[in-house]
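Below are the chains, spelled out letter by letter.
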There are 2 protein chains.
Amino acid sequence: MTTITARERLINAAVEAFAEKGFAGTTTRDIASRAGMSPAAVYVHHDSKESLLFSVSLDGHRRALEVITSAAASSTDPVNRLRAMVYNFSLWHADNSRVGRIVQYEYHALTDEHRAEVATYRRDIEKTMQDALADGVDQGVLDVVDVPGTAFSLLSLGVDLVRWFEPGGSRSGHELATLHADLAVRMTRLR
Amino acid sequence: MTTITARERLINAAVEAFAEKGFAGTTTRDIASRAGMSPAAVYVHHDSKESLLFSVSLDGHRRALEVITSAAASSTDPVNRLRAMVYNFSLWHADNSRVGRIVQYEYHALTDEHRAEVATYRRDIEKTMQDALADGVDQGVLDVVDVPGTAFSLLSLGVDLVRWFEPGGSRSGHELATLHADLAVRMTRLR
DNA sequence: GTCTATACATTGATAGAC
DNA sequence: GTCTATCAATGTATAGAC
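Conventions adopted
- Residues numbered from 1 in each chain as written.
- Chains lettered and ligands numbered in written order.
- Predicted model: local features only at pLDDT ≥ 70, side-chain atom pairs only at ≥ 80, totals over all residues.
- Heavy atoms only, no water.
- Helix = DSSP H or I, 4+ residues; strand = E, 2+ residues; numbered from the N terminus.
- Buried < 20%, exposed > 50% of the residue type's maximum accessible area, 1.4 Å probe, protein only.
- Contact = heavy atoms within 4.5 Å.
- Areas by Shrake-Rupley, 256 points an atom, 1.4 Å probe, with all protein chains shown as cover.
- Lys, Arg positive; Asp, Glu negative; His and termini not counted.
- Charge placed at Lys NZ, Arg CZ, Asp CG, Glu CD.
- UniProt positions renumbered as here; feature names shortened; annotations may be inferred.
- Buried area = accessible area lost by both parts, 1.4 Å probe.
- Salt bridge = Lys/Arg side-chain N within 4 Å of Asp/Glu carboxyl O.
- Nonpolar A, V, L, I, M, F, W, Y, C, P; charged D, E, K, R; others polar.
- Near = heavy atom within 4 Å.
- Polar contact = N/O pair within 3.5 Å; in protein donor to acceptor, adjacent residues only side chain to side chain.

Under an unreviewed UniProt entry, the name given to chain A is AcrR family transcriptional regulator, and the source organism is Aeromicrobium panaciterrae.

Spelled out as structure tokens, the structure:
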């Protein structure tokens, strides 16, 4: 049996609201009412609207990094590894499009300190993808002229899903992630 | 000699502000002060904050469609045509990253009527890319299993630039657009 | 067509009772 | 830890003088 605390209910409400209306467009009253509480109750569990955003953003960044790190460790074959990394990264963004939207589009709304903290996760995500490409080139299996640029482009495929993906739409996350993984291999495989 | 009207100065100010702080995070006072005017002067030239957004968004959508349509007409060779389309679409998003950000990220902030109007431009952009891929397959030059999905992915490369691209950064728009065009050809060329 | 002044609603956050 | 009531600041938009 899982107990959901008031603090967590507020975070879930914030995810809904921020993803739907953006951070600036969301009122603390909206968050409170989605959580079934009064406006004042928000501040018993969270310091401010921004600290609620930081909780969502930090957790989202951590989970995205974990997804791509696990995939990177799943195989030593450069092609299979790349396929797993792109598939899982894109699938995570489809399955978590609301959190992903907050991670990507409300980055600027964080305080300077909080933004600096989540920035380290972003760098780690990019580095993980760059390292996988560079290793594939070293093993003579991949052909990648511009490793940082290509790494960024591969991540863009997943990231851009959060702009429009809605669960229950005409295409499943699995379908899109599989497409992205196929395209990634075509983009980088030595011919 | 180009004369800039007060109306245009306000639009330029709105582009700056909306791109920097988002639509909901921008105040009409901020727009007015960036244009060197009083808050009240805004309403002499524009009906509301949302109508200012609509002006920016509609013009941005039109220009993006024009860019990809011109590129589509620039060649009948599927590979050269695809290269031109992806190059010019990505370059436009790099060169116009502030307008592009408003086009992409403030779509939901438009009224229902205004959103429906710009939606037609979005469909045309997607259709233009899909048609180019389908024709390349018909000519036996391209190998694209999922035409709509691949078209979307190619557009994503350019669109995602607006999330982070800043003029004067370490990579030029030309450099990124060239990379995207190369990746596009690798993704779709028959081997 | 610009301004100052302001109407009126809503905002993030707090006070204090229970 | 929840509520009602409220504060001070700020929001969009308008009124009316020049």
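**Q** Is there a simple way to think about the overall build of chain A in this case?
**A** Within chain A, the regular secondary structure consists of nine helices and zero strands. Secondary structure of chain A in N-to-C order comes out as α-α-α-α-α-α-α-α-α. Projected onto its principal axes, the C-alpha positions of chain A cover 60 × 40 × 35 Å. Split into buried and exposed, the 191 residues of chain A put 55% on the buried side. Pairs at least 24 residues apart make up 70% of the contacts formed inside chain A by residues separated by at least 6 positions. Summing over all exposed atoms, chain A offers an accessible surface of approximately 8600 Å²; the carbon and sulfur share of this is 52%. The distance from the centre of the 21 positive side-chain charges to the centre of the 25 negative ones in chain A is 4 Å.

**Q** For this particular structure, what's the right way to read the UniProt feature "domain: HTH tetR-type" (unreviewed entry) in chain A?
**A** Per the UniProt entry, the sites bearing "domain: HTH tetR-type" (unreviewed entry) are residues 4–64 of chain A in this numbering. Strand forms 0% of residues 4–64 of chain A and helix 70%; the C-alpha atoms that close the span are 23 Å apart.

**Q** Can you walk me through the interface of chain A and chain B in this structure?
**A** For interface size, the figure often reported is the accessible area lost on association. Opposite the 30 residues of chain A that make contact, chain B presents 30 residues. Counting the surface lost from both chain A and chain B, the interface buries some 2600 Å², and carbon and sulfur atoms represent 54% of this. One salt bridge connects A:Arg171 with B:Asp146, and the closest N-O pair in it is separated by 2.2 Å. For the side of chain A that touches chain B, the secondary-structure elements that each account for two or more residues are α1 (6–21), α6 (97–105), α8 (147–159) and α9 (173–188) of chain A. With eight residues, α8(A) is the largest single contributor of residues to the side of chain A that touches chain B. Class assignment of the residues belonging to the side of chain A that touches chain B gives a composition of ten nonpolar, nine polar and eleven charged.

**Q** How do you make sense of the UniProt feature "DNA-binding region" (unreviewed entry) in chain A when you look at a structure like this?
**A** The feature "DNA-binding region" (unreviewed entry), as given by UniProt, occupies residues 27–46 of chain A in the numbering adopted here. For the annotated span residues 27–46 of chain A, helix accounts for 55% and strand for 0% of the residues, and the straight-line distance between the end C-alpha atoms is 14 Å.

**Q** Looking at this model, I keep getting lost on the protein's contact with DNA strand D. Mind explaining?
**A** Close to DNA strand D lie 15 residues, the nearest being A:Ser38, A:His45, B:Thr27, B:Arg29 and B:Tyr43. For DNA strand D, the backbone portion of the atoms within 4 Å of the protein, that is sugar and phosphate, comes to 52%. One nitrogen or oxygen atom from the side chain of A:His45 is found 2.5 Å from a phosphate oxygen belonging to DNA strand D. B:Thr26 places a polar main-chain atom, nitrogen or oxygen, 3.1 Å from a phosphate oxygen of DNA strand D. When contributions to the surface near DNA strand D are tallied by element, the ones reaching two or more residues are α3 (42–45) of chain A together with α2 (28–34) of chain B. Partitioned by chemical class, the residues of the surface near DNA strand D number six nonpolar, six polar and three charged.

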